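Secondary and tertiary structure notes
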Amino acid sequence: MLTKVQTPPSLETLVLTIQQGDKQLHNEMIQQYKPFIAKVVSAVCKRYISEADDEFSIGLIAFNEAIENYTIQKGRSLLAFAELIIKRRVIDYIRKEKRNQTLLYNRIENEGFIQGKVERDISLSNYKRQSETSYIQEEMTYFCQTLKLFKLTLEDIINTSPKHKDARGNAVEVASFIVKEKELKDKLFLKRQLPIRLIEKHVKVSRKTIERNRKYIIAMVIILAGDYVYLKDYIM
């Protein structure tokens, strides 16, 4: 008699168990994924990171944050979501350290030492711009990964984006409504399809318009429901 081989639970399933209060599993997962955390943090810092580094501690906290906050609406997988959060938190930490360094420079300057203010301001401005660019790149990578779940690409969204401002505004309003309605949002992320029949009952936009802008609306829902700081600012 053949014994049925049980499929091990997915990482996302284990996270749901952790969120329900399994502290032992929580600790085991954090220990297991320390190499992953170190790898992600090292990629941001562009140098080898060990568990003794402050940046690793920031990454560890961020990974734990990802475990606590992950839902199916967050996108492709826990690790993809965790990577986004870790990189974001580490960049924030580096930016804060840079700001503290500036305060030190200012104090030294006030004590009589000469510091090129213009040169320093340009350096800080460039650093801020580079940090924001890194944020946007990470968000776009994560966004494209999530689009694949719906068999969409960034090119699809660009090509089907409504040409007129009012039409784009209507599409964003429909997306905002979906995000606020848990039933509609869950159906979208679970079935990977836009529940047009349910949506048209609650919005003033016609079914034909919803169908024509289906891909764009899905993309807007993904952004509004997810952790996209810069993309949200852009579309709103």
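Just so it is clear, the model here is predicted, and its values are computed rather than measured.

Some details on the overall build of the chain
Along the chain, the regular secondary structure elements total 13 helices and zero strands. Mapped in sequence order, the helices and strands of the chain form the string α-α-α-α-α-α-α-α-α-α-α-α-α. Every one of the 236 residues in the chain was classed for burial, and the buried ones make up 39%. Of the contacts made within the chain by residues no fewer than 6 positions apart, 64% connect residues no fewer than 24 positions apart.

A short note on the packing of helix H9 (residues 182-191) against helix H12 (residues 214-225)
For the pair H9 and H12, the least separation of the axes is 12 Å and the interaxial angle reads 110°. Of the possible angle classes, the one that applies to H9 and H12 is roughly perpendicular. Of H12, the residues touching H9 (which contributes Lys 185, Leu 188 and Phe 189) are Ile 218, Val 221, Ile 222 and Ala 225. The residue makeup of the contact of H9 with H12, split by class, is six nonpolar, no polar and one charged.

Some details on the nonpolar core
Most often, soluble globular proteins have nonpolar side chains that are buried together. Counting residues in hydrophobic clusters, the biggest one holds 65 residues, and the most contacted among them are Met 29, Phe 63, Ile 86, Ile 178, Leu 194 and Ile 217. The element best represented in this core is H12, accounting for 10 residues. For this core, the domains that each give at least three residues are domain 1 (9-107) and domain 2 (150-233). Excluding its chain neighbours within four sequence positions, the residues that come into contact with Met 29 are Leu 11, Leu 14, Val 15, Ile 18, Phe 63, Ile 67 and Leu 78.

Here's the deal with the layout of surface pockets
Put simply, the largest pocket is a space of about 390 Å³. As for the largest pocket, its lining consists of 16 residues, of which Ser 161, Tyr 216, Met 220, Tyr 234 and Ile 235 are closest to the centre. Mapped onto the lining of the largest pocket, the elements with two or more residues apiece are helix H6 (117-149), helix H7 (154-160), helix H8 (165-180), H12 and helix H13 (229-235). Per element, the largest residue contribution to the lining of the largest pocket is four residues, and it comes from H8. The class makeup of the residues in the lining of the largest pocket is 12 nonpolar, two polar and two charged.

Notes on the pattern of salt bridges
Pairs can form between side chains of opposite charge once their charged atoms are near each other. Summed over the entire model, instances satisfying the criterion amount to nine salt bridges. Across the salt bridge formed by Glu 51 and Lys 34, the nearest N and O atoms sit 3.7 Å from each other. Here Glu 51 is found in the loop between helix H3 (34-45) and helix H4 (54-69), whereas its partner Lys 34 is found in helix H3, with 17 residues between them in sequence. Given a relative accessible area of 15%, Lys 34 falls into the buried group. Between Arg 207 and Glu 200 there is a salt bridge, and its shortest N-O distance comes to 2.9 Å. Residue classification places Arg 207 among the partly exposed residues on the basis of a relative accessible area of 33%. Taking relative accessible area as the criterion, Glu 200 reaches 29% and is therefore assigned partly exposed.

Here we look at the packing of H8 against H9
Relative orientation of the contacting elements H8 and H9 amounts to 100°, with a least axis distance of 5 Å. With respect to each other, H8 and H9 are oriented roughly perpendicular. Seen from H8, the contacting residues are Phe 177, Ile 178, Val 179 and Lys 180; seen from H9, they are Lys 182, Leu 184, Lys 185 and Leu 188. Considering only residue class, the contact of H8 with H9 consists of five nonpolar, no polar and three charged.

Overview of the UniProt feature "DNA-binding region" (unreviewed entry) in the chain
Under the UniProt annotation, "DNA-binding region" (unreviewed entry) lies at residues 196-215. The span residues 196-215 is 60% helix and 0% strand, and its two end C-alpha atoms sit 12 Å from each other.

Overview of unusual backbone geometry
Even without being a glycine, Lys 46 presents a positive backbone phi close to 60°. Locating Lys 46 in the fold gives a position in the loop between H3 and H4. Residue Lys 151 is not a glycine yet carries a positive backbone phi of 55°. By the element assignment, Lys 151 lies in the loop between H6 and H7.

What to know about the environment of Ala 43
Locating Ala 43 in the fold gives a position in helix H3. Residues Ala 43 and Lys 87, spaced 44 residues apart in sequence, show a C-alpha to C-alpha distance of 8.6 Å.

Rules used in this analysis
Residues numbered from 1 in each chain as written. Predicted model: local features only at pLDDT ≥ 70, side-chain atom pairs only at ≥ 80, totals over all residues. Heavy atoms only, no water. Helix = DSSP H or I, 4+ residues; strand = E, 2+ residues; numbered from the N terminus. Buried < 20%, exposed > 50% of the residue type's maximum accessible area, 1.4 Å probe, protein only. Contact = heavy atoms within 4.5 Å. Axes fitted to C-alpha atoms, helices over the stretch in contact; angles between N-to-C directions. Parallel < 35°, antiparallel > 145°, perpendicular 65-115°, else oblique. Nonpolar A, V, L, I, M, F, W, Y, C, P; charged D, E, K, R; others polar. Core = buried A, V, L, I, M, F, W, Y, C linked by side-chain atoms within 4.5 Å. Domains from an automatic or database assignment. 1 Å grid on protein atoms, 1.4 Å probe; cavity = no way out; pocket = protein on both sides within 12 Å on 5 of 7 lines; lining within 4 Å. Points joined across faces, edges and corners; volume = space filled by probe spheres on them. Salt bridge = Lys/Arg side-chain N within 4 Å of Asp/Glu carboxyl O. UniProt positions renumbered as here; feature names shortened; annotations may be inferred.

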